[in-house]
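# Examination of the molecular architecture
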Amino acid sequence: MTPLLLTGGEAVAHAMRQIDPDVVPVYPITPQTPIIQGFAKFVADGRAHAELVNVESEHSAMSAAIGSALAGARTMTATSSQGLALMAEVVYIAASMRAPIVMALGNRALSGPINIHCDHSDSMLIRDSGVVQLFAENAQEAYDLTVLAPRVAEHPDVLLPVLVCLDGFTITHSAEPVQLLADGDVAAFVGTYTLAHRVLDVAHPATQGPFAMPDYYYEFRRQQSAAVEAAGRVLDGLADGFERLSGRRYGPVEAYRLDGAERVIVALGSTAGTVKDVVDELREEGEAVGVLKIVSYRPFPSELVRGLLADIASVIVLDRADSPGGAAPLQAELAATLYGSAAELHGHVYGLGGRDLHPRDVREIFAQHAPRYVSVRGEPCPV
Amino acid sequence: MSRLKTLVRHQNGVQPLRGGHSLCQGCGIPMVVRTVLSTIDRPTVVVNATGCLEVATTRYPTTAWTVPWLHVAFENAAAVASGVECAQRALRRRHALPSEEEVAVVVFAGDGGTYDIGLQALSGALERGHRFLFVCYDNEAYMNTGIQRSGATPFAASTTTSPAGLESFGKAQRRKDMTAIAVAHHVPYVAQAAAVHWHDLSRKVELAATADGPAFLNVLTDCPLGWGHEPRLSARVLNAAVNTLFWPLYEVLDGGYRLTYIPEPPEPIESWLGLQARFAHLLTDENRALVEEIQRQVNADWDELVARCSADAPAG
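Rules and cut-offs
- Residues numbered from 1 in each chain as written.
- Chains lettered and ligands numbered in written order.
- Predicted model: local features only at pLDDT ≥ 70, side-chain atom pairs only at ≥ 80, totals over all residues.
- Buried ≥ 20, exposed ≤ 12 C-beta atoms within 10 Å, placed from the backbone.
- Helix = DSSP H or I, 4+ residues; strand = E, 2+ residues; numbered from the N terminus.
- Pairing = 2+ DSSP bridges.
- Axes fitted to C-alpha atoms, helices over the stretch in contact; angles between N-to-C directions.
- Contact = placed C-beta atoms within 7 Å.
- Core = buried A, V, L, I, M, F, W, Y, C linked by C-beta atoms within 7 Å.
- Domains from an automatic or database assignment.
- Nonpolar A, V, L, I, M, F, W, Y, C, P; charged D, E, K, R; others polar.

### Quick look at helix α6 (residues 119-128) of chain B
Taken together, the buried positions of α6(B) are occupied by B:A121, B:L122, B:G124, B:A125, B:L126 and B:R128. One or two residues past the end of α6(B) sits B:G129, with phi positive at roughly 80 degrees.

### What to know about the sheet that holds strand β13 (residues 296-298) of chain A
Residue and element names in this part refer to chain A. Overall, mixed pairing links the five strands, which are arranged β4-β5-β7-β6-β13 in an open sheet. The open sheet has two free edges, formed respectively by β4 (76-79) and β13, since each of these has just one partner strand. Adjacent strand axes in the sheet meet at a mean angle of 25 degrees when their direction is disregarded. Summarising the sheet, β4 and strand β5 (residues 102-107) pair through four bridges and their orientation is parallel. Within the sheet, the bridge partner assigned to T77 lies in β5 and is M103. The strands that helix α6 (residues 139-153) touches are β5, β6 (132-135) and β7 (162-167); relative to β7, the one it contacts most, it runs at about 170 degrees.

### Topic: the nonpolar core
Core analysis: the biggest nonpolar cluster contains 223 residues, and A:I66, A:V164 and B:V135 have the highest contact counts within it. No other element matches helix α4 (residues 77-93) of chain B, which puts ten residues into this core. There are two domains that each give this core at least three residues, and those are domain 1 (4-246) and domain 2 (254-366) of chain A. Setting aside its immediate chain neighbours within four residues, B:V135 contacts B:V32, B:V36, B:V106, B:V107, B:F108, B:L217 and B:V219.

### Regarding the environment of A:A367
Tracing the chain through its elements places A:A367 in the segment after α12 (359-366). Taking the C-alpha atoms as reference points, A:A367 and A:T30, separated by 337 residues in sequence, lie 36 Å from one another.

### Side note on the domain arrangement of chain A
Residue and element names in this part refer to chain A. When the domains of chain A are assigned, the result is domain 1 (4-246) and domain 2 (254-366). Taken over C-alpha atoms, the centre of domain 1 sits 26 Å from the centre of domain 2. With 29 residues of domain 1 at the contact, the number on the domain 2 side is 20 residues. Listing elements by their share of the side of domain 1 that touches domain 2, those giving two or more residues are α5 (121-125), β6, β7 and α8 (217-246). Sort the elements by how many residues they give to the side of domain 1 that touches domain 2 and α8 lands first, with five residues. Of the residues contributing to the side of domain 1 that touches domain 2, the split by class is 14 nonpolar, ten polar and five charged.

Given below as structure tokens:
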């Protein structure tokens, strides 16, 4: 198939059209809106067949999604930033109720100040909610991961919400060539959604969402934790089939030029693409550098990352989110993962609120000349 | 099958909400739930907001429910029901449900989950026109957390967050008219009922459950603990609410108002206030003016309601 020139948002809308979910609760927020608009148009034109529910808030979007998914309908939605913050309460409950909802997250900075551009603070806000989070580097990956997501979410060992995270504007609004799969191939790949305990199966009534006290709550949470871990194995298991279908392979990480590398940047999302370009240039210049892109942030593939970075002298973690007063989230993850290894660990916060990370910044970072907070005015910050 | 036969059949069969739950003695909630669910003559899914009913009937690994039951959170029951209703439509379209019979979607929420924290989700769901029945069991305060005042708490009632004291006569504001708010959404059926008037409630449920769109029932439900009356007096207290015109029974069918019960003659408001400890501080000489004020409010609300009903009455 000829590639199409699509923004990431349009590409995700196409993936949704091809998956053809039963129910899609929607509420607008920049920068994910192109996704739900694109999908709404597909429904209006009869190219997708979902019940589109124009709810009155993101809180209700996720709430309706839980009702719909547990009733037995394949359910998808999308959000960003404040929308995710508003629905955070129910994102936790969706995971706990094991509702296999697929949600595109157009990553955007959290207020305040209010801002519409990319960072990962929204993803990090729900880090511990028990949902799966997969990060795309570009529009193609956003599309591919959306096609993969229902298979992960709906696997009987998983049954969890899966978020496909795509950087706001950088991916959602930038047009790139995207290779779509054939409609029939996507339909066959995702199959039909079936759930063992459907609320609408009145012949087999179940009580879902009960009150669990200290005698049982902990068991619910432990099983949820095991399900998130299982999502990693399910994703691994899908790699061959998806590669046969598309020629593209997805794992929990992408190791880029780690062979013989001494300094490696670890990053999420579109920034990995920028770093790859700089790595190519620096390799030309004889420097032993590489990049490890994390695709599956939750579950975090600790063992794999530890193995890949075992012989790296210097690991540099780029966080597009801050944790004021503590280690930034990805850096903390790497510190735990690499504990006891010989690697030096460095961490930088960058790109908050959509501040661009230029190739020259990446060079500075590799050269260890960059401050902890990259490209911010007025460093060191007056106390 | 006739409504009364359905009621009897369900009451003699497996109860949708069985015994063994931990709701208080004298609590009106099970009476409301059983009357509602026993009236509906088709399979039903219950969506429950967080509150007394949810906590007292589903302590894991036990459940008092024999129908499919779903609880997600406090403020979102109407949104969850929206999702279930849309799922039903989508699954029916692709013939993915075992039976062709439409499943009724019924929400139960307290006044907190309806008037206050649940108002936005309810408003959205009413506006979108989902086919579902939202039943508010209105016991006029946050009873599950220990009798805190809500938007449904009546003027001058003493609660744990609007206590009567030397400088306070209880809640300083009037309750909001949630039934009127529901009517303003132009939904096919809205009604106000009381737990103790089971025949009236059951008739309203039948109309609500067959409405082509959202239906809202606001059901006054006693709370012996929060209202401060003996459990054995539930029926007497709820009857007093109706007979003093504090809680008129009426319905709004496709926008047309109709009274469904007219107490003749209405009792003075003291008959309602005097039965409950939450109003005990009002029945003193120095608070006489407050009681008169409550009586004035009740009379004015009644006159306004009667005017709406007459305006809708057929000419001639």
